[in-house]
Amino acid sequence: MSSLPKCPQCSSEYTYEDGSLYICPECAHEWPKDAVEESADQKRAVHDSNGNVLQDGDTVTVIKDLKVKGSSLVVKVGTKVKNIRLIEGDHDIDCKIDGIGAMQLKSEFVKKA
Ligand SMILES: [Zn+2]
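What counts as what
Residues numbered from 1 in each chain as written. Predicted model: local features only at pLDDT ≥ 70, side-chain atom pairs only at ≥ 80, totals over all residues. Heavy atoms only, no water. Helix = DSSP H or I, 4+ residues; strand = E, 2+ residues; numbered from the N terminus. Rg over C-alpha atoms; globule rule 2.2 N^0.38 Å. Buried < 20%, exposed > 50% of the residue type's maximum accessible area, 1.4 Å probe, protein only. Contact = heavy atoms within 4.5 Å. Areas by Shrake-Rupley, 256 points an atom, 1.4 Å probe, with all protein chains shown as cover. Lys, Arg positive; Asp, Glu negative; His and termini not counted. Charge placed at Lys NZ, Arg CZ, Asp CG, Glu CD. Donors = N, O, S within 2.8 Å, 3.2 Å for Na, K, Ca; no water. Tetrahedral: all angles 85-135°; square planar, octahedral: opposite > 155°, others 65-115°. Salt bridge = Lys/Arg side-chain N within 4 Å of Asp/Glu carboxyl O. Pairing = 2+ DSSP bridges. Phe/Tyr/Trp six-rings, centres within 6.5 Å; stacked < 30°, edge-to-face > 60°. Axes fitted to C-alpha atoms, helices over the stretch in contact; angles between N-to-C directions.

The helix and strand inventory of the protein stands at one helix and 13 strands. What you see in the protein, going N to C, is helices and strands ordered as β-β-β-α-β-β-β-β-β-β-β-β-β-β. Relative to the globule expectation of 13 Å for 113 residues, the C-alpha radius of gyration of the protein, 23 Å, shows a markedly less compact shape. Seen along its three principal axes, the alpha-carbon backbone of the protein occupies a region of about 65 × 25 × 20 Å. For the protein, the proportion of its 113 residues judged to be buried stands at 27%. Within the protein, counting contacts between residues at least 6 apart in sequence, those at least 24 apart form 35% of the total. Total accessible area on the protein stands at roughly 7800 Å², and carbon and sulfur atoms take up 46% of it. If the 15 positive side-chain charges of the protein are averaged to one point and the 19 negative ones to another, these points end up 15 Å apart.

This is the structure:
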């Protein structure tokens, strides 16, 4: 059974499987088998209005008129937004728009250019 991982806590090689867990008999540490995969999946993907995955540095197009909070400016449909940066939160795109400046957008209101 060389495929069993060593105990992450005490490096024991005598770990064994129990259902979806690995168990270390030396320090009694238990951890889920899929812990590593899960943490990779948890990296949240940001999707545009078409379901395409967005990435830092992408160029997107605005798909509806968006009012800029606290001003009378409007980001018009079809505005190209270059070099977006993905952030956490309700508005998940941080960007800079020509003529308007730095602002945040919702990914549901853009599509990948
Ligand atoms: Zn251990």
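In this section: the coordination of the zinc ion. In this structure, C7 (SG), C10 (SG), C24 (SG) and C27 (SG) serve as the protein donors to the zinc ion, at separations of 2.2 to 2.3 Å. Classification of the site at the zinc ion rests on its four donor atoms, whose angles at the metal span 107 to 114°, yielding the label tetrahedral. Along the chain, the residues that donate to the zinc ion are spaced as C-x2-C-x13-C-x2-C. Taken together, the residues span a long stretch of sequence, with C7 in the segment before β1 (16-18) and C24 in the loop between β2 (21-23) and β3 (30-32) at a distance of 17 residues.

A word on the pattern of salt bridges. As enumerated under the stated definition, the model contains five salt bridges in all. When the shortest N-O distance is used, the salt bridge between K33 and E17 registers 2.8 Å. Taken as a pair, K33 in the loop between β3 and α1 (35-41) and E17 in strand β1 lie far apart in primary sequence, 16 residues in all. Classification of K33 as partly exposed rests on a relative accessible area of 35%. The residue K106 makes a salt bridge to D90 at a minimum N-O spacing of 3.7 Å. Taken as a pair, K106 in the loop between β12 (101-105) and β13 (110-112) and D90 in the loop between β10 (85-86) and β11 (93-97) lie far apart in primary sequence, 16 residues in all. On the basis of relative accessible area, D90 is assigned to the exposed category, the value being 56%.

Our next topic: the sheet that holds β13. Here we have three strands laid out as an open sheet, ordered β9-β6-β13, and antiparallel in their pairing. Of all the strands in the sheet, the pair left with one neighbour each is β9 (80-81) and β13. Direction of pairing for strand β6 (residues 60-62) relative to β9: antiparallel, over a ladder of two bridges. Residue T61 lies in a different strand from β9, and its bridge partner there is K80.

Here a ring pair, both rings aromatic, is described through the centre-centre distance and the interplanar angle of the planes. Evaluated as defined, the whole model comprises one aromatic pair. Seen in terms of ring centroids, Y22 and W31 are 5.6 Å apart; in terms of plane orientation they differ by 45°. Their pairing is tilted. Grouping residues by exposure puts Y22 and W31 together as buried.

This paragraph deals with the sheet that holds β3. What the three strands build is an open sheet, ordered β1-β2-β3; its pairing is antiparallel. In this open sheet, the two edge strands, each paired with only one partner strand, are β1 and β3. Across the sheet, the axes of successive neighbouring strands diverge by a mean angle of 35°, strand direction being ignored. In this structure, β1 lies alongside β2, joined through three bridges in antiparallel fashion. Paired with Y16 across the strands is I23, a residue of β2.

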